[in-house]
Amino acid sequence: MATHVRINDPAKAKEFFEAKMACTTGPVELERAMKTNEVNVVDVRAAEDYTDGHIPGATNLPKDRWHTLNGLRKDKMNVLYCYSQVCHLAATAAVEFASKGYPVMELDGGWRWWKDDGFNIEK
């Protein structure tokens, strides 16, 4: 079975990627933003997984505590992460928190990419 690649509309591609870049960040960019204290990192994984290891300085806000909004900030970008690229927990949290007026982004690849790419972790 052959795969056929369609040529997409460049204007739609530009719009899509601008929106993607506005709402996501990668580990390298996050690490740089953390060094300049530009972001608030929020781990939305379960508390026991956070305890096993997390991004340095991240606040843990698991799903059962989202209603508290503890650790979120309105004066900084809140970068949310969950388990992996295929986990939608951070995206679900982003919808919830953005609806309450908090600026949010999602970390591409989540905890798995951060850890597997050898970035610092905290326990």
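Each value, and the rule that gives it
Residues numbered from 1 in each chain as written. Predicted model: local features only at pLDDT ≥ 70, side-chain atom pairs only at ≥ 80, totals over all residues. Heavy atoms only, no water. Buried < 20%, exposed > 50% of the residue type's maximum accessible area, 1.4 Å probe, protein only. Helix = DSSP H or I, 4+ residues; strand = E, 2+ residues; numbered from the N terminus. Arc of directions from axis to C-beta. Contact = heavy atoms within 4.5 Å. Core = buried A, V, L, I, M, F, W, Y, C linked by side-chain atoms within 4.5 Å. Pairing = 2+ DSSP bridges. Salt bridge = Lys/Arg side-chain N within 4 Å of Asp/Glu carboxyl O.

On to helix α4 (residues 89-98), then. For α4, the set of buried residues is Ala90, Ala93, Ala94 and Phe97. The buried residues of α4 occupy an angular sector of 105° when the element is viewed end-on, so they sit on one face. Where α4 is buried, its residues touch β4 (77-81) and β5 (104-107).

In this structure, Val44, Leu72, Leu80 and Phe97 are the most contacted members of the largest nonpolar core, which totals 15 residues. Residue contributions to this core peak at four residues, all from α4. Within the second largest apolar cluster, 14 residues are counted, among which are Ala33, Val39, Val41 and Tyr81.

Looking at the secondary structure, you find Asp43 in strand β2 (residues 39-43). Taking the relative accessible area as the measure of exposure, Asp43 reaches 0% and is therefore buried. Beyond its immediate stretch of four places on either side in the chain, Asp43 contacts Tyr50, His54, Ala58, Thr59, Asn60, Leu61, Pro62 and Tyr81.

This part covers the sheet that holds β2. The strand order across the open sheet built from five strands is β1-β5-β4-β2-β3, with neighbouring strands paired in parallel fashion. In this open sheet, the two edge strands, each paired with only one partner strand, are β1 (24-25) and β3 (59-60). Of the strand pairs in this sheet, β4 and β5 are connected by three bridges, and their pairing is parallel. What sits directly across from Asn78, in β5, is Val104.

Okay, the pattern of salt bridges next. For side chains of opposite charge, pairing can occur when their charged atoms come near one another. For the structure on display, the rule yields five salt bridges. Note that Asp75 is salt-bridged to Arg73, the shortest N-O span being 2.7 Å. Accessibility expressed as a relative area gives 56% for Asp75, which makes it exposed. Judged by its relative accessible area of 31%, Arg73 falls in the partly exposed class. With a shortest N-O distance of 3.5 Å, Glu96 and Lys100 are connected by a salt bridge. Relative accessible area serves as the criterion here: at 30%, Glu96 is assigned to the partly exposed category.

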